[in-house]
Amino acid sequence: QKEVEQDPGPLSVPEGAIVSLNCTYSNSAFQYFMWYRQYSRKGPELLMYTYSSGNKEDGRFTAQVDKSSKYISLFIRDSQPSDSATYLCAMTGRGGAQKLVFGQGTRLTINP
Amino acid sequence: NAGVTQTPKFRVLKTGQSMTLLCAQDMNHEYMYWYRQDPGMGLRLIHYSVGEGTTAKGEVPDGYNVSRLKKQNFLLGLESAAPSQTSVYFCASRFEGGYNEQFFGPGTRLTVL
């Protein structure tokens, strides 16, 4: 079993829809949870970062972490064609080199 | 300020050939990482460095070597390339301490025939 599981999709939704992306994990030592966005043939860019449990909102994006269920989510409201990308969840523990463990990535397409 | 750069962008090798991928960052970051990305696998850590002159193994280190002779550069070497090393390679760097964002380079697409 992978340490971090993410549905690879692909996921295709119409413009304006609410998108929900999710990851589950097995390592209870993870404390930092991130969502990276990766456009085609580009490097990943940090989209959202959350420490421990709770919610974080940034514009149209909301990240949720439920450590009791080992489950994290990213919600995109009023989705735009420019949101079409691969979304990768990543997580790490405290201290040390903070080696990130990534999910498989979900390819998302927003259709105009 | 170029951020994280990677050289080359593309490369095709024959089985058994060797090559070195160069990662350079101009942000004075202490930590540097090499990942590979394969379809359906996300990014997997190959090797990393917590400072000049240091290196350590990640999740998938076999077949690769690394060196960090200068703080701004992190080299990834393939001594005898194999088709299983066909992948997209990403370098990343970050400041030390607490949580700090990893900044990624644009990637190197490597094909081993």
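These numbers were taken from a predicted model, which means no experiment stands behind them. (Residues numbered from 1 in each chain as written. Chains lettered and ligands numbered in written order. Predicted model: local features only at pLDDT ≥ 70, side-chain atom pairs only at ≥ 80, totals over all residues. Heavy atoms only, no water.)

Participant: Explain the overall build of chain B here, please?
Facilitator: When its secondary structure is counted, chain B shows zero helices and eleven strands. Along its sequence from the N terminus, chain B presents helices and strands in the succession β-β-β-β-β-β-β-β-β-β-β. The C-alpha atoms of chain B give 13 Å as radius of gyration, which agrees with the globular expectation for 113 residues (13 Å, within 12%). Principal axes of the C-alpha set define a box for chain B whose edges measure 40 × 30 × 25 Å. The burial tally for chain B puts 48% of its 113 residues in the buried class. For chain B, long-range pairs separated by at least 24 residues make up 55% of all intrachain contacts whose partners lie at least 6 apart in sequence. When the accessible area of chain B is evaluated, it comes to approximately 5200 Å², of which 52% is carbon and sulfur surface. Distance between charge centres in chain B, computed from 11 positive and 9 negative side chains, equals 8 Å. (Helix = DSSP H or I, 4+ residues; strand = E, 2+ residues; numbered from the N terminus. Rg over C-alpha atoms; globule rule 2.2 N^0.38 Å. Buried < 20%, exposed > 50% of the residue type's maximum accessible area, 1.4 Å probe, protein only. Contact = heavy atoms within 4.5 Å. Areas by Shrake-Rupley, 256 points an atom, 1.4 Å probe, with all protein chains shown as cover. Lys, Arg positive; Asp, Glu negative; His and termini not counted. Charge placed at Lys NZ, Arg CZ, Asp CG, Glu CD.)

Participant: Is there a simple way to explain the interface of chain A and chain B in this structure?
Facilitator: Many analyses report the size of an interface as the accessible area lost when the parts associate. Across the boundary between the two partners, chain A contributes 20 residues, which contact 23 residues of chain B. Summing the contributions of chain A and of chain B, the shared interface buries around 1700 Å²; its carbon and sulfur component is 57%. At the boundary of chain A and chain B, one finds zero salt bridges. Counting every contact that joins chain A to chain B gives two residue pairs in polar contact (both at pLDDT 80 or more). Going through the elements one at a time, β4 (32-38) and β5 (45-51) of chain A are the ones with two or more residues in the side of chain A that touches chain B. The greatest single-element share of the side of chain A that touches chain B, amounting to four residues, is contributed by β4 of chain A. (Buried area = accessible area lost by both parts, 1.4 Å probe. Salt bridge = Lys/Arg side-chain N within 4 Å of Asp/Glu carboxyl O. Polar contact = N/O pair within 3.5 Å; in protein donor to acceptor, adjacent residues only side chain to side chain.)

Participant: What is the right way to look at the environment of Gly40 of chain B in this model?
Facilitator: All names here are of chain B. Within the fold, Gly40 resides in the loop between β4 (31-38) and β5 (42-49). On the accessibility criterion, Gly40 (47% relative accessible area) is partly exposed. Measuring from C-alpha to C-alpha, the distance between Gly40 and Phe103 comes to 22 Å, with 63 residues separating the pair along the chain.

Participant: Explanation requested: the state of the cysteines in the structure shown.
Facilitator: Covalent bonding between the sulfur atoms of two cysteines is what defines a disulfide. Residues and elements named next belong to chain A. All told, the structure shown has two disulfides over all chains when counted by the stated rule. Covalently, Cys23 is tied to Cys89 through a disulfide, its sulfur atoms 2.0 Å apart. Taking the sign of the S-S torsion, about -100° here, the bridge from Cys23 to Cys89 comes out left-handed. Taken together, the residues Cys23 in strand β3 (residues 19-25) and Cys89 in strand β9 (residues 85-92) connect sequence positions 66 residues apart. We classify Cys23 as buried; its relative accessible area is 1%. (Disulfide = S-S within 2.5 Å.)

Participant: What am I meant to see in the side chain of Arg44 of chain B here?
Facilitator: Residues and elements named next belong to chain B. Summarising the element assignment, Arg44 is placed in strand β5. Of the residues examined, Arg44 reaches a relative accessible area of 17% and is grouped as buried. Side-chain polar atoms of Arg44 contact the side chain of Asp38, separated by 2.8 Å. Among residues more than four places away in sequence, those in contact with Arg44 are Trp34, Tyr35, Arg36, Asp38, Glu59 and Val60.

Participant: Would you mind showing me how to read the environment of Val88 of chain B here?
Facilitator: Residue and element names in this part refer to chain B. By secondary structure assignment, the location of Val88 is in strand β9 (residues 87-94). Separated by 51 residues in sequence, Val88 and Gln37 place their C-alpha atoms 5.3 Å apart. Each residue touching Val88, except ones within four places of it in the same chain, is listed here: Tyr35, Arg36, Gln37, Thr108 and Arg109.

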